[in-house]
Amino acid sequence: MIKTVELTKVFRTEEVETTALNKVCFEIGEGEFVAIMGPSGCGKSTLLNILGLLDNPSGGQYFFLDHEVSGHSEKQRANLRKRNIGFVFQNFNLIDELSVFENVELPLIYLGYSSAERKQRVEEVLEQMQIMHRKNHFPLQLSGGQQQRVAVCRAVVTKPHIILADEPTGNLDSTHGDEVMNLLETLNKNGTTIIMVTHSQRDASYAQRIIRLFDGQIVTEDKSTEFVLAAAAAQ
Amino acid sequence: MFKHYLITALKVSRRHPLFSLINFFGLATAIAVCLMIFLYVHRELTFDRFHENAEDIYRISLHMNIQGEVMDEPVSSHAMGPDILQEFPEVIEMTRLSHWYEPVTIWQDDDRYMSVEYGLYAESTFFDMFSFRLLRGNTKTALEDPYSLVLSETLAHELFPHADPMGQVLRLGSRQQAYRITGIIEDCPSNSHIRYNLLRSYPSLLETSSANFYEWDANINAMTYVKLAPGSDVAQLKEKTKPLTYEKVNYKFEGMGVNIAIGYFPITDIRLHSPFGADMVETGTISKVWIFSAVALFVLFIAGFNYVNLTIAKSGKRAREVGLRKVLGANKLNLTRQFYTETLLITGISFILGLLLVEFSMPLFNHTLGTQLSLADTPWWSWVVILFIFVGVFGMLAGLYPAWFMAAFQPVKILKGEFWNKPGRFQPRNLLLLIQFMVSMALIVCTLVVTLQIRHLYNRDLGFNSKGLVVIETDTYEEATLLLNALEGYPWVRNQAAGSSFPGGNIYMEGVEIQGMEPGIMTSRIWTDYNYKDAMGLQMYEGHWFSGDGEFEAENVIVNQAFVRKTGWDDPIGKTVGRGGYEYRVIGVLQDFHYQSLHHEIEPLMVNILSSRPNYLERPYWVVSDYSDINESEVVPAIGDVWKDLFPNKALSYHFLSEHLQMQYVNERSFGRLFMGFTILAIIIAMLGVLGLSSFMAQQKQKEMGIRKVLGASLISILSGMASGFVKWVLVAAIIALPLAYWYMEKWLAEFAYAIDFPSWTLLAAAVAMLILSMSIVIFQSYRAANTSPVESLACE
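Participant: Let's hear about helix α2 (residues 17-45) of chain B: which residues, and what values?
Facilitator: Across its 29 residues, α2(B) extends 40 Å between first and last C-alpha, which sits within 8% of the 42 Å expected from 1.5 Å per residue. Among the 29 residues of α2(B), 22 are classified as buried, and the element is accordingly described as predominantly covered.

Pasting the structure below:
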């Protein structure tokens, strides 16, 4: 589903050149749950931005759904992005002026769904995530956990192939954090590919595979502890 | 999708009340100002264009050249029109009007009368020439017979509220001549240079006047209009009229350096391009139309710039939203449409608010300008144009840049918090701010100069005493003498006199012969009694004033300094002035005084003793009474009592001289007031922009302020740091705008015969005022942010 070949990203200013990603190669198959970990400044978010088609790499190749997209224009990337990728952010990134319903509805508007279709899809996903009772509330009237749940609703409402989550529990307490991770796990079990950037070992344990980055390079690629344990238990 | 855009726009407006308020107020005010100016400009530009054949109607004018001295007059003699109609086939219609500038007295019965302005004599072809609608009566016959009378609708209703006016008889004027009402005409449109409240048939004038109506150089007081066949060449007609003019009049002046030329002046140009000194109603100038149009544009620009500036300033707050929308699939077009919808919504609401504002302010606007403008008078097509301009063009211009600006945000950068322009890079909002400061400063200078010039007109030493004088109209010298005698016994009459005119009043112009000069000079002429000099407070320059009212003074004349300058006399006393076969000896020279408005330079004037005034000049005679120890409000009843005793069947017509003189500058005064009003509004709008922008900057720099405070900066140093960003732009604006304002106002002042020297301090005042205003706002806005605890300001980032 996703394949990178010597993916490189270099940031240049007048005086300094910083290599954020240095010839990164990996593959992620359909239905996988992958966590990307590493210390601050190791290139996690840069990698996620490129994987999410928000940014282009400086070098290397990026295959998204078997198509090489590293040279795509913003317009082409936006087109692919809105049809295939859902985003969940650490700080939720809901639009304060819009209600829960309207926030979740937004991606469907840009995909050109009719009003009736939008209503049906949004209510479906709000029911599914058990936040329907808050549909007319505004983000600032919700708890952090509820806000992230709405963000997840917004990420899945278009039924994307892949969800990219950037520190999804970073702003939540452990109870709400677990709640969100359970949601992501359920989505993954239902077939959605999930790539998550995290600092938290606990969150990473939900993933089937962990990619560890250091100074823009992959240092290890392993199965998560919990996944190994669970797999062993299953045997 | 549009619904979503609309809902978002409404929610965004609600979420940022200060910005929304500034935008709505600024745009609505600008739109209201523009609409009012549009109504005014529309009225000025459509003056006299409502006549069906307006483009083919011309007024005959006289172009007199007397030894190189040129005079243009909007009037002609009564004899010219019929001859021209008869002689030239391209002249297909002709009509004459005669307008006596004094009000007409209408007698309802012996005790009841009213004075009505604009009572014209009009020929029966009046309705063929013009498109004024006759509501009742027959257009062919209403003005045909002597003593026929057509009343305006309002006047008819006033005189006969419960009866049918048609066929009724009214007595008019001091002679109480009976007129039969033969028609009711629509009230005079306000955009007509012809004004009427009543029309008397032209044959009535012929019957009641002993003046000469059949010579080209006699009785030059008709307004003669001709309609030319479509496609006629006016220049050619003017050329063709020359031989006729020679045959009728110019042959008399051969070899004297005098020439009269007939002109055909388009009636559609009378309002704004009139070269004539006086007309039936005060004429406007095209420059005033341009100035107001420029003010409207300035105000609209300022409000538009505010909108653009504030929206861009606000974009920081919305950057996250923009980034998110992009992440969720919005493309540039989606976002541009969204922000453009917001602009349209705000412009649309502002437009409605603007309309309401116009509706509320219209009475004040009309009062100031002396007009009867109304939104309802605007033709339907102009609404389409107005809507297109405001909501379409303006909305697009003001909306497109912010829309483009925000739609271009890079989502990755926004999500990282890097959406602000880098320091040092040129920012368009600074340019907009600069232009706002420039326009505001230029407007402040213009307003100050206009106000000072108008004050100068009011306060200039006119060379006579205008305060405490009441001027009363009488029909004959005998009446004037009777009134003077009757008033003499009253203790509040300090001084009084009689004359054929008074400063600011109508005045005769005559050509006079001067010893040793061919053909002489044109001079104004008045006849006064012995007391006139003292009653008016005139000063002698040399020689002496009349020594009495007796016949022995009939051969003497007093001239003014301008007269002496014109003749080039070194020693004027004893010189002779010839007129109509008589010779007058100069016995004194008056110091120049402004017997005409300050629009005119002081021209030559000669004064004869009133008792020698020729009979053919008829009425009126003016009694000037200098009152003291009595209030203005008490003078009129007191004089009224005296008048009633003397002339029980005559209406008292009077005015206070100072008020009459002020009326001469009513145009300048209303212009000045409006200009000041619009300038204040423009500055308020501009300052609201500064308020919004500084509020945004204070928020943006809250973290910086926090850090500075942690590092030990004082409140004053933080505030001065904030203010310095604006000071720079005020100074740059001053350098560009003030020389432009100086250049333009110098040009404007040059149009006045008596102008102030350009007051240089106004340039400094404008810069300082702008500096103080903007600094106060910036400091006020920043104070709150700078006072916030650094813990809070750093946490909020």
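Resuming the write-up.
Participant: With reference to specific residues and values, describe the pattern of salt bridges.
Facilitator: Enumeration over the complete set of coordinates arrives at 22 salt bridges over all chains. Across the pair A:Lys9 and A:Asp55 runs a salt bridge, and its minimum N-O distance is 3.5 Å. Placement of A:Lys9 in strand β1 (residues 2-12) and of A:Asp55 in the loop between α1 (44-51) and β4 (59-64) is noted, with a sequence separation of 46 residues between them. The burial state of A:Lys9 is the same as that of A:Asp55; both residues are buried. Its salt-bridge partner being B:Glu44, residue B:Arg43 comes within 2.9 Å of it at the nearest N-O pair. Here the salt bridges do not stand alone but share partners, grouping A:Lys119, A:Glu123 and A:Lys135 into one network.

Participant: Requested: an account of the sheet that holds strand β2 (residues 17-28) of chain A, with residues and values cited.
Facilitator: Residues and elements named next belong to chain A. The strand order across the open sheet built from four strands is β2-β1-β4-β5, with neighbouring strands paired in antiparallel fashion. With one partner strand each, in any of the chains shown, β2 and β5 (67-68) form the two edges of the open sheet. As paired strands, β4 and β5 are joined by two bridges and run antiparallel to one another. Bridged to Phe63 within β5 is Glu68.

Participant: I'd love a proper account of the pairing of strand β3 (residues 33-37) of chain A, names of residues and values included.
Facilitator: Looking down a regular strand, the side chains alternate between one sheet face and the other. Residue and element names in this part refer to chain A. Counting buried positions over the five residues of β3 gives five, a clear majority of the element. By the alternation rule, side chains of β3 split into Phe33, Ala35 and Met37 and Val34 and Ile36, which are all buried. Summarising the sheet, β3 and strand β8 (residues 193-197) pair through four bridges and their orientation is parallel. Bridging from a neighbouring strand, Ala35 pairs with Met196 of β8. In this sheet, strand β9 (residues 209-214) lies alongside β3 in parallel orientation, the contact comprising four bridges. Opposite Ile36, over in β9, you have Ile211 as the bridge partner.

Participant: If you had to explain the packing of helix α10 (residues 332-369) of chain B against helix α19 (residues 666-700) of chain B to someone new, which residues and values would you point to?
Facilitator: All names here are of chain B. At their nearest, the axes of α10 and α19 sit 8 Å apart, and the two run at 145 degrees to each other. Note on element contacts: α19 touches α10 through Ser670, Arg673, Leu674 and Phe678, opposite Phe365, Thr368 and Leu369. Of the residues that constitute the contact of α10 with α19, the class distribution is four nonpolar, two polar and one charged.

Participant: Which residues make up the interface of chain B and chain A, and what are the values?
Facilitator: Residue-level contacts link 23 residues of chain B with 23 residues of chain A. Counting the surface lost from both chain B and chain A, the interface buries some 2300 Å², and carbon and sulfur atoms represent 61% of this. At the boundary of chain B and chain A, one finds three residue pairs in polar contact (both at pLDDT 80 or more). Those elements giving two or more residues to the side of chain B that touches chain A turn out to be α1 (2-15), α9 (286-327), α10 and α12 (411-416) of chain B. Taken together, the residues of the side of chain B that touches chain A break down into 10 nonpolar, six polar and seven charged.

Participant: Would you mind going over the pairing of β8(A) in detail, with residue names and values included?
Facilitator: Residue and element names in this part refer to chain A. The buried count for β8 comes to five of five residues, which makes it a mostly enclosed element. Burial along β8 is two-sided: the face carrying Thr193, Ile195 and Val197 and the face carrying Ile194 and Met196 are both buried. Pairing geometry for strand β7 (residues 162-166) and β8, over five bridges, is parallel. Each residue of the ladder has a partner; that of Asp166, found in β8, is Val197. Taken together, β7, helix α6 (residues 174-189) and β8 constitute a β-α-β crossover, and its handedness is right-handed.

Participant: Give a detailed account of helix α7 (residues 234-248) of chain B, specifying residues and quantitative values.
Facilitator: All names here are of chain B. The terminal C-alpha atoms of α7 lie 20 Å apart, and with 15 residues this matches the ideal 21 Å at 1.5 Å per residue to within 8%. Along α7, the largest kink reaches about 30 degrees and is centred on Lys242; proline Pro243 follows within four residues of it. Two to three positions downstream of the cap, the backbone nitrogen of Ala235 sits 3.0 Å from a side-chain oxygen, assigning the N-cap of α7 to Asp233.

Participant: Describe empty space enclosed by the protein, naming the residues involved and giving the relevant values.
Facilitator: Evaluation of the coordinates by the stated rule reveals five cavities of 30 Å³ or more. Reported here for the largest cavity is a volume of approximately 70 Å³. Lining the largest cavity, in full, are B:Ala9, B:Val12, B:Ser13, B:Ser20, B:Asn23, B:Tyr307, B:Thr311, B:Lys314, B:Glu342 and B:Ile346. Among the secondary structure elements, those contributing two or more residues to the lining of the largest cavity are α1, α2, α9 and α10 of chain B. A class-by-class count of the residues in the lining of the largest cavity yields four nonpolar, four polar and two charged. In this structure, the second largest cavity occupies an estimated 60 Å³ of space. Lining of the second largest cavity is provided by A:Arg81, A:Lys82, A:Ile85, A:Gly86, A:Phe87, A:Pro107, A:Arg154, A:Ala155, A:Thr158, B:Val327 and B:Leu328. For the lining of the second largest cavity, the secondary-structure elements that each account for two or more residues are α2 (74-84), β6 (85-88) and α5 (144-156) of chain A. A total of three residues in the lining of the second largest cavity trace back to one element, the largest contributor, which is β6(A).

The rules behind each value
Residues numbered from 1 in each chain as written. Chains lettered and ligands numbered in written order. Predicted model: local features only at pLDDT ≥ 70, side-chain atom pairs only at ≥ 80, totals over all residues. Heavy atoms only, no water. Helix = DSSP H or I, 4+ residues; strand = E, 2+ residues; numbered from the N terminus. Expected span 1.5 Å × (residues − 1). Buried < 20%, exposed > 50% of the residue type's maximum accessible area, 1.4 Å probe, protein only. Salt bridge = Lys/Arg side-chain N within 4 Å of Asp/Glu carboxyl O. Pairing = 2+ DSSP bridges. Axes fitted to C-alpha atoms, helices over the stretch in contact; angles between N-to-C directions. Contact = heavy atoms within 4.5 Å. Nonpolar A, V, L, I, M, F, W, Y, C, P; charged D, E, K, R; others polar. Buried area = accessible area lost by both parts, 1.4 Å probe. Polar contact = N/O pair within 3.5 Å; in protein donor to acceptor, adjacent residues only side chain to side chain. Right-handed = clockwise from strand over helix to strand, strands pointing away. Bend = angle between axes of the 7 residues up to and from the residue. 1 Å grid on protein atoms, 1.4 Å probe; cavity = no way out; pocket = protein on both sides within 12 Å on 5 of 7 lines; lining within 4 Å. Points joined across faces, edges and corners; volume = space filled by probe spheres on them.

Keep in mind these numbers describe shape, not what the thing actually does.
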